[in-house]
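Structure assessment
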Amino acid sequence: MTASQPATTAEQLRGAGLRVTAARVALLETVREGDHLGVEAIASGVRTRVGHISLQAVYDALHALAAAGLVRRIEPPGSPARFEGRVGDNHHHLVCRSCGAVVDVDCAVGHAPCLTASDDRGFAIDEAEVIYWGVCPDCSTASTS
């Protein structure tokens, strides 16, 4: 591998100190190819790639991948946990109140952590999690039709 080639999924797992298994590779690839997927959708994608995997094994692997910083868990209030492969850039999300669609939106203003707290209460802030709520274009169009 040259410096300009991205690391393979297996190399990323090894680099994070995780054991490389077919299920973990399939899971990481499913999350990265998906769009803010829930656990059931991830499990389905993994099963398509490698056959049977228990839901508990999917939860365990997602926990390990999130702890290693290879996937990001988001959990908008009132919504089940979702996972994405876009990590390390402190982006935020737009959530549709009607259909539940989730889309990425880049940092609100400035450099990470994007927002300066009015009172940091002594915390060394390194990340901000912002969720913008509204109605997506498809739902807006449907409600006006």
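The structure reproduced in this document is the subject of the present report. (Residues numbered from 1 in each chain as written. Predicted model: local features only at pLDDT ≥ 70, side-chain atom pairs only at ≥ 80, totals over all residues. Heavy atoms only, no water.)

1. Let's talk about the overall build of the chain
Stated formally: Helix and strand assignments come from DSSP, with helices taken as H or I runs of at least 4 residues and strands as E runs of at least 2, each series counted from the N terminus. Exposure is judged per residue with a 1.4 Å probe applied to protein chains only, and the accessible area is read against the type maximum: over 50% gives exposed, under 20% gives buried, and values in between give partly exposed. By definition in these notes, contact holds between two residues if any of their heavy atoms fall within 4.5 Å. Using the Shrake-Rupley algorithm and a 1.4 Å probe, accessible areas are obtained, with residue cover drawn only from the displayed protein chains.
On a plain count of helices and strands, the chain comes out with 5 helices and 6 strands. Helices and strands in the chain line up, N terminus first, as α-α-β-α-α-β-β-β-β-β-α. Among the 145 residues that make up the chain, the fraction classed as buried is 33%. Long-range contacts, defined as pairs at least 24 residues apart, comprise 42% of the intrachain contacts of the chain with a sequence gap of at least 6. For the chain, the exposed area adds up to about 8,800 Å²; of that, 53% sits on carbon and sulfur atoms.

2. What to know about the sheet that holds strand β5 (residues 102-105)
What counts is decided by this rule: Any two strands with at least two DSSP bridges between them are considered paired. The angle between two axes is taken between their N-to-C directions and runs from 0 to 180 degrees, where each axis is a line fitted to C-alpha atoms and a helix contributes only its stretch in contact.
The 3 strands lie next to each other as β5-β4-β6, forming an open sheet whose pairing is mixed. The sheet is open, and its two edges are formed by β5 and β6 (131-134), each paired on a single side. Neighbour-to-neighbour, the strand axes of this sheet turn through a mean angle of 25 degrees, independent of strand direction.

3. Quick look at the side chain of R24
Spelled out, the test is: Only four residue types enter the tally: Lys and Arg on the positive side, Asp and Glu on the negative side, with His and both chain ends excluded. Salt bridges, as used here, are contacts in which a Lys or Arg side-chain nitrogen is within 4 Å of a carboxyl oxygen on Asp or Glu.
Structurally, R24 is set in helix α2 (residues 22-33). Despite being buried, R24 has no salt bridge partner; D60 is the closest side chain of opposite charge, sitting 8.3 Å away. Setting aside chain neighbours within four positions, we find R24 in contact with L13, L18, R19, A61 and A64.

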